[in-house]
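# Descriptive analysis of the structure
Here are the chains, one letter per residue:
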Amino acid sequence: MAVPTICESPVQVPSSDSRGISHGRFTISTLTGDEEDTKSIYCQPEPTYDSLSASNLTQSSTFYLRTFGYNTLDAVPSYEHYANTHMAGQEKKNRPTLADLRCYIMDMGQYPPPLYENRPDDELGKEEREVQLNGNKLAEEPVRFGWIKGVMIRCMLNIWGVILYLRLSWITAQAGIALTWLIIIMSVIVTSITGLSVSAISTNGKVKSGGTYFLISRSLGPELGGSIGLIFAFANAVAVSMHTVGFAETVRDLLIEYNATIVDPTNDIRIIGVITVTVLLGISLAGMEWEAKAQVGFFFVIMISFANYIVGTIIPASKEKQAKGFFSYRADIFAQNLLPNWRGDDASFFGMFSIFFPSATGILAGANISGDLKDPAVSIPKGTLSAIFWTAFSYLVISATIGSCMIRDASGSVNDSIPIGSMDCEGLACDYGWNFTECTQAGTCKYGLINYYQTMSLVSGFAPLITAGIFGATLSSALACLVSAPKVFQCLCKDNLYPGIGFFGKGFGKNNEPIYSYFLTYVIAVGFVLIAELNMIAPIISNFFLCSYALINFSCFHASVTNSPGWRPSFRYYNKWASLFCAVISVVIMFLLTWWAALIAIGIVGFLLAYALYKKPAVNWGSSVQAGSYNMALSYCVGLNEVDDHIKNYRPQCLVLTGPPNFRPALVDFVGTVTKNHSLMVCGNVLIGPHKEKVSEISSNGHIKWLTKRKIKSFYTSVAANDLRSGTQMLMQAVGLGRMKPNVLVMGFKRNWQSDHPQNVENYIGIIYDSFDFNYGVCMMRMKHGLNISRMMQAHVDSSAVVVAQQASTIFQLEQGKKTIDIYWLFDDGGLTLLIPYLLTRKKRWRSCKVRVFVGGQINRMDEERKAMITLLSKFRLGFHEVHVLPDINQKPHPEHLKRFEDLIAPYRLNDGFKDEAVVNELRKDCPWKISDEEIKNSNTKSLRQVRLNEILLDYSRDAALIVVTMPVARKDKCPSTLYLAWLEILSQDLRAPVLLIRGNQQNVLTFYCQ
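No experiment lies behind these values; they were computed from the predicted model shown.

The subject of this paragraph is the overall build of the protein. In terms of regular secondary structure, the protein is built from 35 helices and 14 strands. For the protein, buried positions account for 52% of its 1011 residues. In the protein, the proportion of contacts linking residues at least 24 apart, taken out of those at least 6 apart, comes to 81%. Within the structure as shown, the protein displays about 47300 Å² of accessible surface, and the carbon and sulfur contribution to it stands at 57%.

Structure below.
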């Protein structure tokens, strides 16, 4: 039924030969003309209207879109507006700009009424189909693959490589069935989590060619993506050589079996390997279609070889096979082969793991040809995870079956058969009528699970089929890697992240084949083929693939944890913490396998990352780092202002008087350990001198780099002041942002106070008084050999001269083991003396330490006071259970210790007992640090207590890892600075462990209430 055209004011529309575009029952028509026609449309103040027909709803060279029948330049949402590519032969559609819309509205002054047009259903989309057909005529469609042929089969073939046929039986003999399964499961865990991470990344937007590099670089940015691209491409190139050497070994063994050699066993491998890589290069250059056909053929050959192997394990063993160690399924053989039997200098669990792991690294073969897949977002997850499952199952089955039917050592001679039960025979084979004792003891057995690499051929029903399977597995894996490396490298070259590699990014043919990258991969593969030693190549591959897996998993974790709006993967079956775990495990395994190769790999990644960060590539892919960092930090800081402080949320936010942080690394490490990941740390530096002279030294770049390299999460700030005290006052008042403001001042103990100018001592103690005035808690650290290492470093205060590479090791970077942390909570300061050690014990290095709490008490109430303290600590839920009561804290110290204290303060005494009062007042005015006889008398009890406490510390905590003591507080204007510092000196003297003097601001920082 025809629908009448609704038109109150007709408009005259220029006609054209182009056709309108139909969408559903409404026609989205276009009006175009030449440049003058377009100008008249924009400038006519009073347009006229006329009925519209299909012939004049057109589009040619300019954009004038009729939307929902209205004469408006506004466009409906369309795929073409968001796509970066367009159909060949067609001009790309763009939505009108804001300037276009505003100009149209301003000039036209009104919107035309809607137009409805009837179109037969069979004609809907006719023009679109014609346009698509015309585009296909212009450019030949490239070859595209689905998830089975393009990903699953490709990954399975790459995983089923040389290790399966030539080394799995040997690994089973060395490690035993149980540890071999553990090796397989560990490998599968790493690859499975990596597969989940790749699946998540690959479904987070449209994927193009470039595989792993493309996925990561577009997610995390070019800096880390470039590192992954180069490492992964090189790893695949080297993997070509590994699989080719496996193939060459098999061919060489066949030649030796028929007494035919080319030169010698080693050079035969090299010759065969180079010829093989050359042939594979020819297949790759023929195009992806031929390469895919070859892979399918290899797949069926491997399936037949597997079936042949399983049948062979069931068939009863012939006498010749028994002489070589095969006896079909036997329970006692399984039991013997269940446990390891290490042989050789390099035989170990991680040695076997390093050889096996490359066989599990083919999981990215499908992702690496992402540009040749029909739908990468669907194909990569389904194909990769399916391949991991089936290959893991096959490895477990083959390991268990081969270990259940073949012994480790056999001579291969049919003359070694004996009557069952012979007394002069050793070993499991004796029970089956064979005596391999002589070759076993001499280590000359040529056959058996641990001596013969071609064990699967021996066990199988028809050995040539296993040989064909070896050929298929090795050649298919080599071919997959030979295709993957150039595809990844090509995308990297096109992005121009590194100089001098753009030449290799040029593509040829309908599939844009990277011919030059193929030849580069060929050269690398041939170079490693010349090594001709499979066991040497495999660990190198392991480290490079592990490095790639670590970066891939970290990329998934980072993209998830930043909560970037652009991170929206359609694949949901991943976990960011599992990805992080796998990334860490990958790095750990790298060092456990081959530490020097791990250092090289990490060094290459670090170098490439540093280079990219330094050069700042002129690309912007909208990484999560760019999107989230600033807005997230600002949002949370502002949000904190809306929340009132609460004891449950108290955190010790530390202002650390480090000076240049690299001068006092122990102080930095301690506070960094306590505050890491949950609290604020600010390193403060007071530059003493005129502001104009010190302004150039205020720069923090060098110090921030030093802190970053030491992995200390801290800010750094510096101020110029006339003296240390006034500078610290500035820091305490000004440092912080909103509620992100320090509440604890951390400082080092002044070891040179006796030789320094007394005014500096006065200023130092004044800082403690100022911190209490500003409602700060105070934490003072003393170490036996001091905190300041600036003289040893021969560094300068100027931050620009800080040597970033200088990283002195400290006690706080070491594993503390089963030592103790002794807390002397002598006075209630609000709980800060307990909280800081508790935060320290939450860290891995200090987690095993036992915490002991010492409190003062009376000898006749020791049990009651101990129980009361245990009850209080249990309410705080700190996990501190060992409490000691000190009943002798008020005993008189030893005379020699008391004499040492008196000698300590002697230079600072006024000795005013026989002096005139006016003279004394004058001395006190000029020297406020001097101690009068009356002050010594009034503070005698407190002085004796500090001396006695030092004796107690030496008795109870001589071997502690850390000693924490409540800091004594002196009365303001009643205790000279030198006397106060003498107390701190004598209290913490002669102790081997670091001593931490803590005094809170007398406000609760611990609570046992829920609200």
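On we go.
Let's shift gears to the pattern of salt bridges. Using the criterion set out here, one finds 16 salt bridges in the structure. Among the salt bridges present, the one from Arg 710 reaches Asp 669, with a minimum N-O distance of 2.7 Å. Residue Arg 710 is located in the loop between helix H25 (701-709) and strand S7 (715-721), and its partner Asp 669 is located in helix H23 (residues 665-675); the two are separated by 41 residues in the primary sequence. In this structure, Lys 899 and Asp 903 form a salt bridge, with 3.0 Å as the shortest nitrogen-oxygen distance. Highlighted residues: Lys 899 and Asp 903, both in helix H31 (residues 895-905), separated by four residues, approximately one helical turn. For Lys 899, a relative accessible area of 44% puts it in the partly exposed group.

Moving on: unusual backbone geometry. A positive phi angle, close to 60°, is found at Arg 877, a residue other than glycine. Relative to the assigned elements, Arg 877 resides in the loop between helix H30 (862-876) and strand S12 (882-886). By relative accessible area, which is 55% here, Arg 877 ends up exposed. Non-glycine residue Asp 990 carries a positive phi angle of around 65°. Within the fold, Asp 990 resides in the loop between helix H35 (977-987) and strand S14 (995-999).

The next thing to look at is the confidence of the model for the protein. Per-residue pLDDT for the protein averages 78, and the proportion of residues at 70 or more is 80%. Of all helices and strands in the protein, the one with the weakest mean pLDDT is strand S2 (residues 26-30) (37), whereas strand S5 (residues 654-657) scores best (94). Scored below 50 in pLDDT, residues 104-139 shows 71 contacts in the model against residues more than four places distant or in partner chains. Low pLDDT (under 50) marks residues 795-801, which in the prediction has 17 contacts with non-local residues, meaning those over four places away or in another chain.

As a further point, take the environment of Ser 939. On the secondary structure map, Ser 939 appears in the loop between helix H33 (933-938) and helix H34 (940-956). Taking the C-alpha atoms as reference points, Ser 939 and Lys 974, separated by 35 residues in sequence, lie 9.4 Å from one another. The residues touching Ser 939, leaving out its near neighbours within four places in the chain, are Leu 979 and Trp 983.

To continue, consider the environment of Gly 689. Relative to the helices and strands, Gly 689 is located in the loop between strand S6 (681-688) and helix H24 (691-694). Overall, Gly 689 belongs to the buried group, its relative accessible area being 14%. In sequence terms Gly 689 and Asn 722 are 33 residues apart; their C-alpha atoms lie 5.2 Å from each other. In this structure, Gly 689 is in contact with Lys 694, Ala 720, Ala 721 and Asn 722, ignoring residues within four places of it in sequence.

Burial analysis of strand S9 (residues 777-782) places six of its six residues in the buried class, the great majority of the element. Burial along S9 is two-sided: the face carrying Gly 777, Cys 779 and Met 781 and the face carrying Val 778, Met 780 and Arg 782 are both buried. For strand S8 (residues 744-748) and S9, the ladder comprises five bridges, and the chain directions are parallel. Across the sheet, Met 747 pairs through a bridge with Met 780, a residue of S9.

Let us now look at the state of the cysteines. Two cysteines whose sulfur atoms are joined by a covalent bond form what is called a disulfide. One pass over the structure, following the stated rule, counts one disulfide. Across the disulfide, Cys 439 is cross-linked to Cys 445 (sulfur-sulfur distance 1.9 Å). One disulfide, between Cys 439 and Cys 445, carries an S-S torsion of 80° and so falls in the right-handed class. Each member of the pair, Cys 439 together with Cys 445, is buried.

The 10 strands are arranged S7-S6-S5-S8-S9-S14-S13-S10-S11-S12 in an open sheet whose pairing can be described as mixed. Here the strands that pair on one side only, and so sit at the sheet edges, are S7 and S12. Neighbour-to-neighbour, the strand axes of the sheet open up by a mean angle of 20°, direction not taken into account. The pairing of strand S13 (residues 962-966) with S14 spans four bridges and is classified as parallel. Looking at S14, one finds that Ile 963 is bridged to Val 995. Each of S8, S9, strand S10 (820-824), strand S11 (850-856), S13 and S14 touches helix H29 (residues 832-841); the most contacted strand, S10, lies at about 170° to it.

What follows concerns H23. Counting buried positions along H23 gives 11 out of 11 residues, so the element sits mostly inside the fold. If you check which residues of H23 are buried, you get Pro 665, Ala 666, Leu 667, Val 668, Asp 669, Phe 670, Val 671, Gly 672, Thr 673, Val 674 and Thr 675. Downstream of H23 by one or two residues, Asn 677 has phi in the positive range, about 70°.

All chains considered together, the criterion is met by 27 aromatic pairs. When the centroid spacing of 5.4 Å and the interplanar angle of 55° are considered together, the rings of Phe 557 and Trp 577 count as tilted. Highlighted residues: Phe 557 in helix H19 (residues 534-561) and Trp 577 in helix H20 (residues 576-593), separated in sequence by 20 residues. For Phe 557, a relative accessible area of 11% gives the class buried. Measuring from centroid to centroid gives 6.2 Å for Tyr 980 and Trp 983, while their planes differ by 80°, and the two rings are edge-to-face. Note that Tyr 980 and Trp 983 are positioned in helix H35 at a spacing of three residues, about one turn of the helix. Neither Tyr 980 nor Trp 983 differs from the other in exposure class; each is buried. Three or more aromatic residues link up through ring pairs in this structure, and these residues are Trp 160, Tyr 165, Phe 299, Phe 300 and Phe 306. Over the aromatic face of Tyr 432 sits the side chain of Arg 330, whose NZ or CZ is 4.5 Å from the ring centroid.

Let us now look at a nonpolar patch on the surface. On the surface, Val 587, Phe 591, Trp 595, Trp 596, Leu 599, Ile 600, Ile 602 and Ile 604 cluster together into a nonpolar patch covering about 720 Å² of accessible area. Broken down by element, the residue count for the nonpolar patch peaks at six residues, all from helix H21 (residues 595-615). Tracing the backbone shows Ile 602 in helix H21.

The relative placement of two packed helices comes down to the angle between their axes together with the axis-to-axis distance. Put simply, helix H17 (residues 463-495) and helix H18 (residues 515-529) touch, their axes get as near as 9 Å, and they point 125° apart. With respect to each other, H17 and H18 are oriented oblique. Judged by the sense of rotation from one axis to the other, the crossing of H17 with H18 is right-handed. Together, Leu 482, Val 483, Ala 485, Pro 486, Lys 487, Phe 489 and Gln 490 of H17 and Ser 517, Tyr 518, Leu 520 and Thr 521 of H18 make up the contact between the two elements. In the contact of H17 with H18, the residues fall into seven nonpolar, three polar and one charged.

Turning to the packing of helix H13 (residues 349-356) against H20, a few remarks are in order. For the pair H13 and H20, interaxial distance at closest approach is 9 Å and the crossing angle is 110°. As far as their axial angle goes, H20 and H13 are roughly perpendicular. Crossing of H13 over H20 shows left-handed handedness. On H20, the residues that touch Phe 350, Phe 353 and Ser 354 of H13 are Ile 589, Leu 592 and Leu 593.

Residue placement: Asn 236 occurs in helix H8 (residues 222-257). Overall, Asn 236 belongs to the buried group, its relative accessible area being 2%. Each residue touching Asn 236, except ones within four places of it in the same chain, is listed here: Asn 368, Cys 481, Ser 484, Ala 485 and Phe 545.

About the cut-offs
Residues numbered from 1 in each chain as written. Predicted model: local features only at pLDDT ≥ 70, side-chain atom pairs only at ≥ 80, totals over all residues. Heavy atoms only, no water. Helix = DSSP H or I, 4+ residues; strand = E, 2+ residues; numbered from the N terminus. Buried < 20%, exposed > 50% of the residue type's maximum accessible area, 1.4 Å probe, protein only. Contact = heavy atoms within 4.5 Å. Areas by Shrake-Rupley, 256 points an atom, 1.4 Å probe, with all protein chains shown as cover. Salt bridge = Lys/Arg side-chain N within 4 Å of Asp/Glu carboxyl O. pLDDT = per-residue confidence, 0-100. Pairing = 2+ DSSP bridges. Disulfide = S-S within 2.5 Å. Axes fitted to C-alpha atoms, helices over the stretch in contact; angles between N-to-C directions. Phe/Tyr/Trp six-rings, centres within 6.5 Å; stacked < 30°, edge-to-face > 60°. Lys NZ or Arg CZ within 6 Å of the ring centre and 35° of its normal. Patch = residues over 30% accessible without salt bridge, like charges linked within 9 Å, V, L, I, M, F, W, Y side chains within 5 Å. Parallel < 35°, antiparallel > 145°, perpendicular 65-115°, else oblique. Left-handed = near helix turned anticlockwise from the far one by under 90°. Nonpolar A, V, L, I, M, F, W, Y, C, P; charged D, E, K, R; others polar.

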